[in-house]
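For reference, the chains in residue letters:
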Amino acid sequence: MISRRLFIATSAAALTGARSALAQSTYPDHTMRILVGYPAGGGVDLVARLVVDPMREVLGQPVIVENRAGAAAMIAAQAVAKAGNDGHTLLMAASGEIAVNKHLYKEKMTYQPETELVPVALAGIVPCVVVVADASPVRTPADLIAYAKANKGKLSFSSSGVGNPQHLAGELMNKMAGTDVQHVPYRGSAPAVTDVAVGAVTMSFSSLAAALPLIQAGKIRAVAVTSRERMPQLPDVAPLSDAPGLAGYELLNWFAMFAPASSSPPILARLAEVMPQIMQRADIKEKLAIQGIVSRSMTDAELRAFVRSESDKFAAIIQEANITLGN
């Protein structure tokens, strides 16, 4: 005879399973939105728009991209963090609004990325490319560090702003190699790399997409990448970690899709199943590669661990360099 306690427990489990199956089978049931914290045309926006049609094909509902630029992309991130549990509002994000800003804008953060947002798919990593003027004697990572040490306190590196991954990549180089290359922030990547070409700054940590036109024009030269592996787009350019004193060096930007952590488990499971498959499609990977985005496959558990470890890495660099903004 089945005990009353066992009957209740079995019935509850069956009911939970039925609800989960129902939620998964009916999700989504109306238009989905992907929020982007940057203006149209940028890297994160591009990734979001690349997945719209594949998502519609797989999930059977319209998908729209909504740009909510401002506040270092935190407006969009907050909106998704507070969006509720139905899984119809998602975030395409860079490392900034997830793993960097909480260490820079401690008093202004109105959401908690580690508890209110859950990663469901990594689009790819975005290594920085270290570029110098074509007339520079620097050609390899070892050359770069030797030149920086021989000219300590005299060199400069540009980035597209204070506290972003490009800036932090330079700070990590200084810390690990014992160099003293001064940071010069710019309003955007284009002027940051242009001033390398004209000699206003010694080098720049840049995205490949921003630097490539000047590289192709012969105005600047790529001498290192900040990933541990060579980029497929620049097979002849060695990792910065090849230089003396920089073993283990890596500093990346990355793009990923996030859902509200309040979303029901069946919805999160569905997204974690569907979205990585979309990101790994050959046509998507090819289009990402053109933008300097390197595809990297991760399981759900690996992605969550990656986001946590990246946040810890950024926190240590920011603290070491004593960078604060907006507090």
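Rules used throughout
- Residues numbered from 1 in each chain as written.
- Predicted model: local features only at pLDDT ≥ 70, side-chain atom pairs only at ≥ 80, totals over all residues.
- Heavy atoms only, no water.
- Salt bridge = Lys/Arg side-chain N within 4 Å of Asp/Glu carboxyl O.
- Helix = DSSP H or I, 4+ residues; strand = E, 2+ residues; numbered from the N terminus.
- Buried < 20%, exposed > 50% of the residue type's maximum accessible area, 1.4 Å probe, protein only.
- Phe/Tyr/Trp six-rings, centres within 6.5 Å; stacked < 30°, edge-to-face > 60°.
- Pairing = 2+ DSSP bridges.
- Axes fitted to C-alpha atoms, helices over the stretch in contact; angles between N-to-C directions.

**As for the pattern of salt bridges**
Tallied over the full model, the rule gives 15 salt bridges. With its nearest N and O atoms 3.0 Å apart, the salt bridge here joins R33 to E66. Here E66 lies in strand β2 (residues 63–67) and R33 lies in strand β1 (residues 32–36), a separation of 33 residues in the sequence. Residue classification places R33 among the partly exposed residues on the basis of a relative accessible area of 26%. As a salt-bridge pair, D300 and R304 come within 3.5 Å of each other at their nearest N and O atoms.

**A few points about the packing of aromatic side chains**
Under the counting rule described, the total for this entry stands at 2 aromatic pairs. An angle of 75 degrees between the planes, with centres 5.4 Å apart, marks the rings of F157 and F205 as edge-to-face. Taken together, the positions of F157 in strand β6 (residues 156–159) and F205 in strand β8 (residues 203–206) put the pair 48 residues apart, joining distant regions of the chain. In this structure F205 comes out as buried when scored by relative accessible area, which is 1%.

**Structural notes on the sheet that holds strand β7 (residues 182–185)**
The mixed open sheet is built from 5 strands, whose spatial order is β7-β6-β8-β5-β9. Across the chains shown, the open sheet's two edge strands, defined by having one partner strand only, are β7 and β9 (220–225). For this sheet, the mean angle separating the axes of adjacent strands, direction not counted, is 30 degrees.

**Some words on the pairing of strand β3 (residues 89–94)**
Counted residue by residue, β3 has 6 buried out of 6 residues, so it is predominantly covered. Judged by which residues are buried, β3 turns out to be covered on both faces: T89, L91 and A93 on one side and L90, M92 and A94 on the other are all buried. Of the strand pairs in this sheet, β1 and β3 are connected by 4 bridges, and their pairing is parallel. The residue of β3 that forms the bridge with L35 is L91. Pairing of β3 with strand β10 (residues 252–260), which is carried by 4 bridges, proceeds in the antiparallel orientation. Paired with M92 across the strands is M257, a residue of β10.

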